[in-house]
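Below, each chain spelled out in residue letters.
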Amino acid sequence: MGCSSSVPDRASGRSGGLNPENSAADSKNLRVKLVLLGDSGVGKSCIVLRFVRGQFDPTSKVTVGASFLSQTIALQDSTTVKFEIWDTAGQERYAALAPLYYRGAAVAVIVYDITSSDSFAKAQYWVKELQKHGSPDIILALVGNKADLQEKRKVTVQDGTEYAEKNGMFFIETSAKTADNINELFEEIAKRLPRPTSS
Amino acid sequence: MAERSIMLHILEPRRDAYGFALRPQHTHRYREYANIYKEEEEERCYKWKNFLDQVATSFQVCPLEEANTNILQAETSEHKEEIRSRRSSTGDDSTGSNSESVDTTDSSPTKLLEYPIEIQKRVVETWCQIRPSLNAIEIMMSSRVKKKIMKDEKTINGGDHLPPLEEAETLDGTSVANSEEDEACISGSLTRSTSATGAESRMGECMSNSVKPSKRDGVVAERVSHDQLFTWQEELECLVRGGLPKDLRGEVWQAFVGVKTRRIEKYYQDLLDQETNCSADNENNIPSGVPIKLKKQIEKDIPRTFPGHPALDENGRDSLRRLLLAYALHNPSVGYCQAMNFFAGLLLLLMPEENAFWTLVGIIDDYFDGYYTEEMIESQVDQLVFEELMRERFPKLVKHLDYLGVQVAWFSGPWFLSIFVNMLPWESVLRVWDVLLFEGNRVMLFRTALALMELYGPALVTTKDAGDAITLLQSLAGSTFDSSQLVLTACMGFLTVTEVRLVELREKLRPSVLAVIEERTKKGRVWKDSKGLASKLYSFKHDPGSPAEKKKKAAGADAGPCTPNLDDFLSGLAGDSETESLPDLQEQVVWLKVELCRLLEEKRSAVLRAEELETALMEMVTQDNRRLLSARVEQLEIEVAELKKTLAEKKEQEVAMLQLLMRVEQEQRVTEEARINAEQDVAAQKYAVHMLQDKYEKAMASLAEMEKRVVMAESMLEATLQYESGQVKATSSPRSRNQGSAQENQRKISLLPFALGWRDRNKGKSTEEPSE
């Protein structure tokens, strides 16, 4: 975005040589930049907090700009994956700053709220945006959050699945409140990461 | 309010003195600093009182007071009207609307005096004049505001893409001074002090200084001499850097922002009425109302603004909602942007609702003009400016961040957009705001961010991947409890960062941002940030002069920031490419070759550089390891010290216990001994009794024997007596024998009484003995 035009050039130019940005380190210990995108109030920050700290705070703060957290998980094949998670602000105008954070990300998790069709539309906007401007080999995950609010559901599981399939995404419904599928989401992402060929 | 929050602080240690939640990991450090804050607060209360007294006495000489009281009266009467109209329009909603603004007024006695009528009636206030003692500051500051407003009126407000202020100034020679005056006026002393260092800024400054007196004389200084104002400003600047006293903060902020000058009577109320009417008339999107989208967003964000803060109860939230809706109506080019909810919330904690509105208007419309608009242009420009300053100030650190793949804007973006709210501890946030609002521009934003880099840069250099760097910086910034250190580092350490310099840099960097935005809005071509060879080439093709320049640049080793020129081409590309015909192929081949050579060269140098950097890094890492280790060791030492302390305490307790035990044991022993003694005594006594018994028996036995003997002796005595008496009868006839026998007799007679006496005595003894 704004800052992209001069700076990132350098960053990405250099990243190829010394420090591959997408995933790094050796074949046993992966490092992954992950960005969360989606409409305001769908629970992006809650998902991260649930995953990283195991907490859920129903009265969480508005995210201004973006916030960062990291978490390492161990997989069954004894590899570890360190997620460097950028949690972005949801309001539409902050989309102007989003490229700053999704640029160079290996994974984008696009979140919508199953009780809001607006947020599902917004998720589709993000998918398109990333297909256009994200890294070409970015892993996209579509997440329907607030799955505990079944009675208020507006977006069916089928809608989510179909859209995800059409766009070659991985789809899951989660609940940060009940911790449902939160770890599964990140484990699944970890499994899909390209492994650096051990040299 | 202040008292209430202090109470809460006592009740609930997880909140700080302002009622904001403390992160659990910070409670300990907060407690450490709470005392320092208290001391600082006392000191600054004293200093401010002195300053205000001094200013007030000087001002009383002038006929200002009169004017002020007039205004005041007008304001009060108008205020009453306002409340009446409010009640009729919003009903119950408004009556309870401002429990907190009542609190604010309660805490400041001067205000109570100003509005005796209102308080008696228990009418809730939405607008409140600041205390008269601050009028002087208000007047000092208002000149700035007046000029801004005038200028805003001059320039047509339409183009929020191109904030016209600076643009116009650079074109128009005379207005340069005019604009500079804004900040020279207020931070005149500041810029003046920097003039020694900032060569570039000196130019503009001289101009502004030369123009200033004449201009200002017309506006404010009719009553107070210019020199006096100037010295006050200098003193005030010092005081502001030292922080504002808690009780004054809300009002001084208003004075800084120029709330009184900005305020248009009934404007706020009209906005609210308009809003309520619109939403009552029609649920749909009426052009005059707040767009439904923004309303929804505000509604979503209200409960997520300082959640759990005691002052943001239902009434507080209603105030917040009204404030944000009114602002959205007031300035449709901004509407509502996340982050403003925090600003509005913060202001509502410090002042009544309408005052908060005008302060917010001042901050967003003026200080942060173009920041929170739909495109957030100025915010993006500032990110580039900050990065430029970082490269200039902390080249090593930036190199390290580049190496890690960390972009400065990743963390500076949220800092700037939130004006550090939620990013620093509250005391530090408020101190930064103090200076920022005083200076009337965003210089403090940059200085604070640079100060943070100065403070935490050395730690950041030790990190080994992007995640660690960001995590470390977030947590370090979040624990910047030493607010004085931060503010002083910011204000004194970066004097060359002035508004003039920032304006210059913004001018330079804005085009690139605008270009990108233009492109995005066109949504023409796929634009990749990691621009491929093709796109780069394309841009070269369109710029005949650039390859040579580029080469020079490549040869010039260090990669400086790309020229906006290039960016222009890059962005212009999208539009052009579709319309223009295909370029000449041969030409393209030539360019391709040139480009390939250049790239190869670049690659080689990059590889070399990479190797260099790697070795440098290895060295750094070892050094860093040492530093980390020493930090670790320090921490561990502290822990050890703590542990030792607890150990010592435990030992003391143990010793005490031991002593107690020993005492108990001793006592036990003593009692045991006493018992044994007693037993021995008993035994001894028994023995003695036994012995006595024996003796008694023996004595009795001997007595019995003696008695026997006595009886025998008696009988013998009697026998001898009888015999003697017989003898006397027989010897009384012969005389010769008589003489001798008489002598013998005499002896016998003398023997007799002895024997008798002895017998008597013995008898007496035997009678006495049993009684013994």
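Residues numbered from 1 in each chain as written. Chains lettered and ligands numbered in written order. Predicted model: local features only at pLDDT ≥ 70, side-chain atom pairs only at ≥ 80, totals over all residues. Heavy atoms only, no water.

With that settled, consider the overall build of chain A. Helices and strands together make up the secondary structure of chain A, namely 6 helices and 7 strands. Taken as a whole, chain A presents about 7,600 Å² of accessible surface, with 48% of it coming from carbon and sulfur. (Helix = DSSP H or I, 4+ residues; strand = E, 2+ residues; numbered from the N terminus. Areas by Shrake-Rupley, 256 points an atom, 1.4 Å probe, with all protein chains shown as cover.)

Within chain B, the regular secondary structure consists of 33 helices and 0 strands. Within the span of chain B, comprising 772 residues, buried residues form 47% of the whole. Accessible surface computed for chain B: about 39,700 Å², of which carbon and sulfur atoms make up 58%. (Buried < 20%, exposed > 50% of the residue type's maximum accessible area, 1.4 Å probe, protein only.)

Further remarks concern helix 21 (residues 377-393) of chain B. Structural remark: α-helix, 3.6 residues per turn; residues separated by three or four positions point the same way. The end-to-end C-alpha distance of helix 21 of chain B is 24 Å, a good match for the 24 Å that 17 residues give at a rise of 1.5 Å each. With 14 of 17 residues buried, helix 21 of chain B lies mostly within the body of the structure. (Expected span 1.5 Å × (residues − 1).)

All names here are of chain B. Structurally, Phe306 can be placed in the loop between helix 17 (292-301) and helix 18 (314-330). Residue classification places Phe306 among the buried residues on the basis of a relative accessible area of 5%. It is 9.6 Å that separates the C-alpha atoms of Phe306 and Gly19, two residues lying 287 residues apart in sequence. Those residues in contact with Phe306 that sit more than four places away from it in its chain are Phe20, Leu312, Phe342, Gly345, Leu346, Val421, Asn422 and Trp426. (Contact = heavy atoms within 4.5 Å.)

The subject of this paragraph is the packing of aromatic side chains. Residues and elements named next belong to chain B. Enumeration according to the criterion identifies 35 aromatic pairs over all chains in this entry. Their ring planes at 65° and their centres at 4.8 Å tell us that Phe20 and Phe306 sit as a pair that is edge-to-face. Pair noted here: Phe20 is in the loop between helix 1 (2-11) and helix 2 (27-61) and Phe306 is in the loop between helix 17 and helix 18, with a separation of 286 residues, a long-range link. Each member of the pair, Phe20 as well as Phe306, carries the same accessibility label: buried. Taken together, a centroid distance of 6.4 Å and an interplanar angle of 40° make the contact between Tyr267 and Phe357 tilted. Here Tyr267, found in helix 16 (residues 267-281), pairs with Phe357, found in helix 20 (residues 353-367); they are 90 residues apart in sequence, far enough to count as distant. For Tyr267, a relative accessible area of 23% gives the class partly exposed. (Phe/Tyr/Trp six-rings, centres within 6.5 Å; stacked < 30°, edge-to-face > 60°.)

Right, let's get into the confidence of the model for chain A. Residues and elements named next belong to chain A. Taken residue by residue, chain A gives an average pLDDT of 85. The fraction at 70 or more is 85%. Considering each helix and strand of chain A separately, the mean pLDDT is smallest for helix 1 (residues 7-15), with a value of 38, and largest for strand 5 (residues 107-113), with 96. Long-range and interchain partners of residues 1-23, a stretch whose pLDDT sits below 50, account for 70 contacts in this model, where long-range means more than four residues apart. (pLDDT = per-residue confidence, 0-100.)

Below, the discussion takes up the environment of Ile47(A). Residue and element names in this part refer to chain A. Here Ile47 lies in helix 2 (residues 44-53). Each C-alpha atom, one on Ile47 and one on Asn145, is 8.3 Å from the other, the two residues being 98 residues apart in sequence. Once residues within four sequence positions are removed from consideration, Ile47 is found in contact with Val111, Val143, Asn145, Thr174, Ala176, Ile182, Leu185 and Phe186.

Let's shift gears to helix 26 (residues 466-478) of chain B. Over its 13 residues, helix 26 of chain B extends 18 Å from the first C-alpha to the last, a length consistent with the 18 Å expected when each residue adds 1.5 Å. Listed as buried for helix 26 of chain B are Ala466(B), Gly467(B), Ala469(B), Ile470(B), Leu473(B), Ala477(B) and Gly478(B). Buried residues of helix 26 of chain B, viewed axially, fall in a sector of 165°; they line one side. Residues of helix 26 of chain B that are buried in the fold lie against strand 2 (29-38), strand 3 (66-74) and strand 4 (80-88) of chain A together with helix 22 (395-404), helix 23 (408-417) and helix 25 (443-460) of chain B. With a side-chain oxygen lying 2.9 Å from the backbone nitrogen of Gly467(B), the N-terminal cap of helix 26 of chain B falls on Asp465(B). (Arc of directions from axis to C-beta. Polar contact = N/O pair within 3.5 Å; in protein donor to acceptor, adjacent residues only side chain to side chain.)

Close reading of the predicted structure is inappropriate where its pLDDT is low. Taken residue by residue, chain B gives an average pLDDT of 73. The fraction at 70 or more is 65%. Segment residues 768-772 of chain B is flagged for pLDDT under 50; beyond a separation of four residues in sequence, or across chains, it makes 2 contacts in the model.

On to the packing of helix 24 (residues 426-439) of chain B against helix 25 of chain B, then. Think of two packed helices as two axes; the pair is described by the angle between the axes and how far apart they sit. Residues and elements named next belong to chain B. For the pair helix 24 and helix 25, interaxial distance at closest approach is 8 Å and the crossing angle is 145°. On helix 25, the residues that touch Val432, Val435, Leu436 and Glu439 of helix 24 are Val443, Met444, Leu445, Arg447 and Thr448. Tallied by class, the residues present in the contact of helix 24 with helix 25 amount to 6 nonpolar, 1 polar and 2 charged. (Axes fitted to C-alpha atoms, helices over the stretch in contact; angles between N-to-C directions. Nonpolar A, V, L, I, M, F, W, Y, C, P; charged D, E, K, R; others polar.)

Looking now at the side chain of Asn355(B). Here Asn355(B) shows up in helix 20. Setting aside anything within four residues of it in sequence, one finds Asn355(B) in contact with Thr126(B), Trp127(B), Cys128(B), Gln254(B) and Val259(B).

All names here are of chain B. Scanning all chains against the criterion turns up 42 salt bridges over all chains. With its nearest N and O atoms 3.3 Å apart, the salt bridge here joins Asp53 to Lys49. You can see Asp53 and its partner Lys49 sitting in helix 2, 4 residues apart, about one turn around the helix. You can call Asp53 partly exposed: its relative accessible area is 38%. Given the relative accessible area of 51%, Lys49 is considered exposed. Taking the shortest distance from any N to any O, the salt bridge between Glu138 and Lys260 comes out at 3.7 Å. In this pair, Glu138 sits in helix 8 (residues 135-154) while Lys260 sits in helix 15 (residues 259-262), placing the two residues 122 residues apart along the sequence. Here the salt bridges share partners, and the residues they tie into one network are Glu378, Asp382, Arg442, Glu499, Arg506, Glu507 and Arg510. (Salt bridge = Lys/Arg side-chain N within 4 Å of Asp/Glu carboxyl O.)

As a rule of thumb, nonpolar side chains are buried together in soluble globular proteins. One finds Tyr372(B) and Trp415(B) to be the most contacted residues of the largest nonpolar core, which totals 165 residues. In terms of residue count, helix 25 of chain B provides more of this core than any other element does, 11 residues in total. Apart from the residues within four sequence positions on either side, Trp415(B) is in contact with Phe420(B), Met423(B), Ala449(B), Leu452(B), Met453(B), Leu473(B) and Ala477(B). If you look at the next biggest cluster of nonpolar residues, it comprises 32 residues, including Val32(A), Val48(A), Ile172(A) and Leu193(A). (Core = buried A, V, L, I, M, F, W, Y, C linked by side-chain atoms within 4.5 Å.)

The next subject is unusual backbone geometry. Residue and element names in this part refer to chain A. Of note, the phi angle at Ser78 is positive, near 60°, even though the residue is not glycine. Here Ser78 lies in the loop between strand 3 and strand 4. The phi torsion at Ala179 lies on the positive side, around 70°, for a residue other than glycine. By the element assignment, Ala179 lies in the loop between strand 7 (170-173) and helix 6 (182-192). The class of Ala179 is partly exposed, set by a relative accessible area of 32%.

We now examine the state of the cysteines. This structure, assessed with the given rule, holds 0 disulfides over all chains. With no disulfide partner, Cys491(B) has as its closest neighbouring cysteine sulfur the one in Cys238(B), 9.9 Å distant. (Disulfide = S-S within 2.5 Å.)

All names here are of chain A. In this sheet, strand 4 lies alongside strand 3 in antiparallel orientation, the contact comprising 9 bridges. Bridge pairing links Leu69 to Ile85 in strand 4. Connecting strand 3 to the antiparallel partner strand 4 that follows it, the hairpin turn spans 5 residues, and Ser78 within it adopts a positive phi of roughly 60°. (Pairing = 2+ DSSP bridges.)

Residues and elements named next belong to chain B. Packing of helix 18 against helix 19 (residues 340-350) leaves a shortest axis separation of 10 Å and a crossing angle of 125°. When the axis of helix 18 is compared with that of helix 19, the two are oblique. The chirality of how helix 18 crosses helix 19 is right-handed. In this structure, helix 18 uses Gly316, Ser319, Leu320, Leu323, Leu324 and Tyr327 to contact helix 19, whose residues at the interface are Met340, Asn341, Ala344, Gly345 and Leu348. Considering only residue class, the contact of helix 18 with helix 19 consists of 7 nonpolar, 4 polar and no charged. (Parallel < 35°, antiparallel > 145°, perpendicular 65-115°, else oblique. Left-handed = near helix turned anticlockwise from the far one by under 90°.)

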